[in-house]
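Per-entry structural report
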Amino acid sequence: MIRGSFHNHTIHSDGRLTPEQLLLKYKLKKFTHLSVTDHDNAGAYRELKSLASAMGLTLITGLEFSTQFRNFPECHLIGLGINTDDPALREYENEILTGRKNRAEAIVKKMRELGVHPDLDTLGELYTNPSIGRPHIAAILIKHGLVRTVQDGFRMYLNPGKPLYIRKHQWTADRVISFIHSLGGKAILAHPADQFSPENADELVGYGLDGVEVIHPMNRLKYAKVWRDYAQKNRLIISGGADFHGIEKSEDRAIGRYYLEGQDVRNLLNALEN
Ligand code: AMP
Ligand code: MN
Ligand code: MN
Ligand code: MN
């Protein structure tokens, strides 16, 4: 049986496992196909390609882009099957990861105003990550006793409108869709049920969106059907995965629940070839 997961994170963004540990985890769960989709960079692939074939896993390249779409706080697009060696991607990474680093510095400054003074080791660790995100900031809030969980960190400090929220530099969704195509990949709307309705996804389809994530922990059963119907109606690729970060224990269960199998995987692979 073929079984694939096309949305996962590693220490190259806000995940906790190394690419190698992630591959091993999926191998042990009898997966045949896997994508690592770190935020705004493909660093994992620079250490991963030979490893995957050694483990007998088929690796599909991927990257999760944070984009600007209308006034939505978030619009995440996954580029699948992209050429991760393209110099244009390196340029994108330089620009966006620098933006993430600048935002982190600005958030740390605000944190100090709130009376939190992270030590040099903590800051060193923070700035070592190539793709610094709010979950890393949440970890510092936990360390300093302001909140107990990453969830609470977002709810109380990091979501839009909260004291430590700062918008990050990102490209528009239409620009990212064209960029993914120029890298030879397909653009998939990540976790659509988070905030999108089929009506507002239509505009993205107009920009050339190729697929939607039907299987995702945020898509409860009802929404999985809504988005599968939407994909079929618009002849879009059906994708899916656990959006695994390895932060919460419950995520291990998600790996066994949110995946693509059989014909869905074959259709996705065929679509990536064209
Ligand atoms: P950033 O890319 O820095 O804006 O951070 C966004 C990331 O934070 C997402 O990719 C999720 O992994 C994580 N995230 C977003 N909202 C929450 C939440 N409410 N609780 C825990 N993690 C979250
Ligand atoms: Mn994330
Ligand atoms: Mn996302
Ligand atoms: Mn993700």
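In short, a report on the structure. (Residues numbered from 1 in each chain as written. Chains lettered and ligands numbered in written order. Predicted model: local features only at pLDDT ≥ 70, side-chain atom pairs only at ≥ 80, totals over all residues. Heavy atoms only, no water.)

Reading across from one edge, 3-2-1-10 is the order of the four strands in this open sheet, with mixed pairing throughout. Pairing within the sheet leaves two strands with one partner each, and these edge strands are strand 3 (58-59) and strand 10 (260-261). Pairing between strand 1 (residues 3-5) and strand 2 (residues 33-34): two bridges, direction parallel. Paired with Gly 4 across the two strands is His 33, which belongs to strand 2. (Pairing = 2+ DSSP bridges. Helix = DSSP H or I, 4+ residues; strand = E, 2+ residues; numbered from the N terminus.)

A separate point is the coordination of the manganese ion (ligand 4). For the manganese ion (ligand 4), the full set of protein donor atoms is His 7 (NE2), His 9 (NE2), Glu 64 (OE) and Asp 243 (OD), at a range of 2.1 to 2.3 Å. Taken in sequence order, the residues that donate to the manganese ion (ligand 4) follow the motif H-x1-H-x54-E-x178-D. Here the manganese ion (ligand 2) and the manganese ion (ligand 4) are spaced 4.4 Å from one another. Here the residue His 9 occupies a position in the loop between strand 1 and helix 1 (19-28), and Glu 64 occupies one in strand 4 (residues 62-68), the gap between them amounting to 55 residues. Taking the relative accessible area as the measure of exposure, His 9 reaches 0% and is therefore buried. (Donors = N, O, S within 2.8 Å, 3.2 Å for Na, K, Ca; no water. Buried < 20%, exposed > 50% of the residue type's maximum accessible area, 1.4 Å probe, protein only.)

Here the focus is the environment of Ile 107. Inspection of the secondary structure puts Ile 107 in helix 3 (residues 87-113). In sequence terms Ile 107 and Leu 80 are 27 residues apart; their C-alpha atoms lie 31 Å from each other. Residues contacting Ile 107, with those up to four places away along its chain left out, are Ile 137, Leu 164 and Ile 166. (Contact = heavy atoms within 4.5 Å.)

This part takes up the site of ligand 1. Every residue near ligand 1 is listed here: Asp 14, His 39, Arg 100, Arg 103, Gly 133, Arg 134, Pro 135, Val 150, Gln 151, Phe 154, Lys 168 and His 245. Here an oxygen atom of ligand 1 and a backbone polar atom of Arg 134 are 2.8 Å apart. Taking Lys 168, its side chain carries an N or O atom lying 2.9 Å from an oxygen atom of ligand 1. Elements supplying a minimum of two residues to the shell around ligand 1: helix 3, helix 5 (134-143) and helix 6 (150-158). Of the residues forming the shell around ligand 1, the biggest block, three residues, is contributed by helix 6. Partitioned by chemical class, the residues of the shell around ligand 1 number three nonpolar, four polar and five charged. (Near = heavy atom within 4 Å. Polar contact = N/O pair within 3.5 Å; in protein donor to acceptor, adjacent residues only side chain to side chain. Nonpolar A, V, L, I, M, F, W, Y, C, P; charged D, E, K, R; others polar.)

Counted according to the given criterion, the structure contains 11 aromatic pairs. On the basis of an interplanar angle of 5 degrees and a centroid distance of 5.5 Å, the ring pair of Phe 69 and Phe 72 is categorised as stacked. Per residue, the accessibility class of Phe 69 equals that of Phe 72, and both read buried. These aromatic residues form a ring-pair network of at least three members: Phe 65, Tyr 92, Trp 171 and Phe 179. (Phe/Tyr/Trp six-rings, centres within 6.5 Å; stacked < 30°, edge-to-face > 60°.)

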